[in-house]
Amino acid sequence: MTITDMPRTTSDNTTRATGTSATSLGSTRAPRPNKAATDYIQLTETVRSMGLFKRELSWYHWRMARLGLLLASTIALFVMIGPSWWNLITAALFSFFCAQAAFLGHDAAHRQIYESGAANGLASRILANLAVGLSYGWWLNKHGRHHANPNKVGKDNDIAPGALVFTPEDAATRTGIGAWAARHQRQLFFPILLLLGLDLHRESILRVANPKETVPHRAQEALFLAIRLVALPTAVVLFLGPTIGFTWMGVQLGLFGLYFGLVFAPNHLGMPIVPKDAGIDFLSRQVLMSRNIKGGWTINALMGGLNYQVEHHLFPTMSSRSLRRVQPLVQQFCKDKGIKYTATTLPEAFSSILDFLDGVGHGKVEMFSCPITGAMRTR
């Protein structure tokens, strides 16, 4: 499943919520959706009647213009400062630009910007591959799986074991330095984020370069990645000299990874994790595994709208501008239905994340025992 498979219309919502197609084999009548599916469809129709699924094209174009202005200003400042250690300021600015471009590319990948899938795809490749150095095809596949099964073991690659582990079972398989790292995840979490940008570039290159992987528009993706990950660093090093140039690239990569990780980690990390065979209805699954971040317009701008993660998971094609508007409705709906809705401040979120990682690393987290998710199981 990819992002483009997520609910977009009433019929799509019915299909996703019930887990069935409009008609079954050997049947001429569509199966009746269960109560949870009906609730989700009713919520979707209420949101639609409020006009919150409308495109926000002028607003997105304004965001693109601001992003272009930021890039132009950063380049101008970079050239003006020249081969000086003061140019590390522009490394920080470029990191901010890359993260903001990634947020905008994320929205395009969810078909939030244009009606045309092709237009959204092209925008995503320009923003992700050319501006940030991430493969749109790789991201689409990975992120689509995450949206379908957030925090489900064996389904959501975002909680697959890697530099960090997210279940005591995975922690128990580590030996040597890996076991030590698992026990010290709390202390290593932020330093690991400094390497996230490098890892994202590596994953993108491997995906596009692997002929066994299906990558639509492979040639275009490869060209954009080559410009961003080869031509740009080469130009930086030649202009600044090897010492300052490589330092500039290291600072930019580290700050980008840190910023990117700080935005995405609070969305789901530290929220309930469920086993591969858990059956939970679509609405409950998306709400229970997601966390919103409170903080007003500043947090909204810094996180690119991803602070409304609950609403984004329920309505992935909705403009990120509309998520703030739909939030009170969703929160009240969850309260009425008895579904736990999580919204915390950023410090509270990271406190929970660090406690969770520490508990996993020391085998003190009892997985799959959450009474809330247990009550929502449909099988």
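Residues numbered from 1 in each chain as written. Predicted model: local features only at pLDDT ≥ 70, side-chain atom pairs only at ≥ 80, totals over all residues. Heavy atoms only, no water.

Overview of helix H4 (residues 88-109)
Argument step 1. Spanning 22 residues, H4 covers 31 Å between terminal C-alpha atoms, matching the ideal 32 Å at 1.5 Å per step.
Argument step 2. Most of H4 sits out of view: 17 of its 22 residues are buried.
Argument step 3. Just downstream of H4 lies Arg-111, where phi reads positive at about 60°. (Helix = DSSP H or I, 4+ residues; strand = E, 2+ residues; numbered from the N terminus. Expected span 1.5 Å × (residues − 1). Buried < 20%, exposed > 50% of the residue type's maximum accessible area, 1.4 Å probe, protein only.)

Brief notes about the nonpolar core
Argument step 1. Ranked by internal contacts, the top residues of the largest apolar core, which has 43 residues, are Phe-103, Val-132, Trp-248 and Phe-260.
Argument step 2. Of all elements in the fold, only helix H3 (57-81), H4, helix H5 (117-132), helix H6 (136-148), helix H11 (218-240) and helix H12 (242-268) reach the threshold of two or more residues within this core.
Argument step 3. Among the elements that line this core, the one with the most residues is H4, at eleven residues.
Argument step 4. Setting aside chain neighbours within four positions, we find Phe-103 in contact with Arg-63, Tyr-259, Phe-260, Val-263, Phe-264, Leu-302, Met-303, Gly-304 and Leu-306. (Core = buried A, V, L, I, M, F, W, Y, C linked by side-chain atoms within 4.5 Å. Contact = heavy atoms within 4.5 Å.)

Re the packing of helix H2 (residues 35-49) against helix H16 (residues 320-337)
Argument step 1. Axis separation between H2 and H16 bottoms out at 11 Å; the angle between their running directions is 155°. In terms of orientation, H2 and H16 fall into the roughly antiparallel class. Like other packed secondary-structure pairs, H2 and H16 cross with a definite hand, here right-handed. Listed contacts from H16 to Lys-35, Asp-39, Leu-43, Thr-46 and Val-47 of H2 are Val-326, Leu-329, Phe-333 and Lys-337.
Argument step 2. Of the residues contributing to the contact of H2 with H16, the split by class is five nonpolar, one polar and three charged. (Axes fitted to C-alpha atoms, helices over the stretch in contact; angles between N-to-C directions. Parallel < 35°, antiparallel > 145°, perpendicular 65-115°, else oblique. Left-handed = near helix turned anticlockwise from the far one by under 90°. Nonpolar A, V, L, I, M, F, W, Y, C, P; charged D, E, K, R; others polar.)

Section: a nonpolar patch on the surface
Argument step 1. On the surface, Leu-122, Ile-126, Leu-130, Leu-223 and Ile-227 cluster together into a nonpolar patch covering about 380 Å² of accessible area.
Argument step 2. Elements that contribute at least two residues to the nonpolar patch include exactly H5 and H11.
Argument step 3. Element by element, the count of residues in the nonpolar patch is highest for H5, at three residues.
Argument step 4. Residue position: Ile-227 is located in helix H11.
Argument step 5. A residue is classified by how much of its surface remains accessible, and Ile-227, at 38% relative accessible area, is partly exposed. (Patch = residues over 30% accessible without salt bridge, like charges linked within 9 Å, V, L, I, M, F, W, Y side chains within 5 Å. Areas by Shrake-Rupley, 256 points an atom, 1.4 Å probe, with all protein chains shown as cover. Salt bridge = Lys/Arg side-chain N within 4 Å of Asp/Glu carboxyl O.)

Some details on the confidence of the model for the protein
Argument step 1. Here the protein averages 88 in pLDDT, while 88% of its residues score no lower than 70.
Argument step 2. Confidence over residues 1-31 falls short of pLDDT 50; this stretch has 50 contacts with residues more than four positions distant or in other chains.
Argument step 3. Contacts from residues 369-379, a stretch scored under 50 in pLDDT, to residues over four places away or in other chains number 26 contacts. (pLDDT = per-residue confidence, 0-100.)

Quick look at the pattern of salt bridges
Argument step 1. Inspection of the entire model under this criterion finds eleven salt bridges.
Argument step 2. The closest approach of N and O atoms between Glu-45 and Arg-48, which form a salt bridge, is 3.9 Å. Taken as a pair, Glu-45 and Arg-48 lie in helix H2 at a separation of three residues, close to a single helical turn.
Argument step 3. We classify Glu-45 as partly exposed; its relative accessible area is 30%.
Argument step 4. Here Arg-55 and Glu-115 are joined by a salt bridge, their closest N and O atoms 3.4 Å apart. Of this pair, Arg-55 sits in the loop between H2 and H3 while Glu-115 sits in the loop between H4 and H5, and the two are 60 residues apart along the sequence.
Argument step 5. We classify Arg-55 as partly exposed; its relative accessible area is 31%.

What about the environment of Asn-87?
Argument step 1. Examined against the element boundaries, Asn-87 turns out to sit in the loop between H3 and H4.
Argument step 2. Asn-87 sits 158 residues away from Gly-245 along the chain, and the two C-alpha atoms are 9.4 Å apart.
Argument step 3. Those residues in contact with Asn-87, other than ones at most four positions away along the chain, are Leu-77, Phe-78, Ile-81, Gly-82, Leu-240 and Trp-248.

Description of unusual backbone geometry
Argument step 1. The backbone of Arg-111 shows a phi angle near 60°, a positive value even though the residue is not glycine.
Argument step 2. Within the fold, Arg-111 resides in the loop between H4 and H5.
Argument step 3. A relative accessible area of 27% means that Arg-111 is categorised as partly exposed.
Argument step 4. Despite not being glycine, Asn-151 has its phi angle at roughly 60°, a positive value.
Argument step 5. Position of Asn-151 among the secondary structure elements: in the loop between H6 and helix H7 (168-172).
Argument step 6. The class for Asn-151 is buried, based on a relative accessible area of 2%.

With respect to the packing of aromatic side chains
Argument step 1. Applying the stated criterion across every chain yields a total of 20 aromatic pairs.
Argument step 2. Both rings, one in Phe-189 and one in Phe-350, keep their centres 6.4 Å apart while their planes meet at 50°; by these two values the pair is tilted. Residue Phe-189 is found in helix H9 (residues 185-193), and its partner Phe-350 is found in helix H17 (residues 346-361); the two are separated by 161 residues along the sequence. The same class applies to Phe-189 as to Phe-350, namely buried.
Argument step 3. What links up through ring pairs into an aromatic cluster is the set Phe-96, Phe-103, Trp-138, Trp-139, Phe-256, Tyr-259, Phe-260 and Phe-264. (Phe/Tyr/Trp six-rings, centres within 6.5 Å; stacked < 30°, edge-to-face > 60°.)

Examining the side chain of Ser-319
Argument step 1. Tracing the sequence through the fold places Ser-319 in the loop between helix H15 (309-314) and H16.
Argument step 2. Under the relative-accessibility criterion, Ser-319 is labelled buried at 2%.
Argument step 3. The residues contacting Ser-319, other than those within four sequence positions of it, are Glu-56, Trp-59, Tyr-60 and Gln-112.

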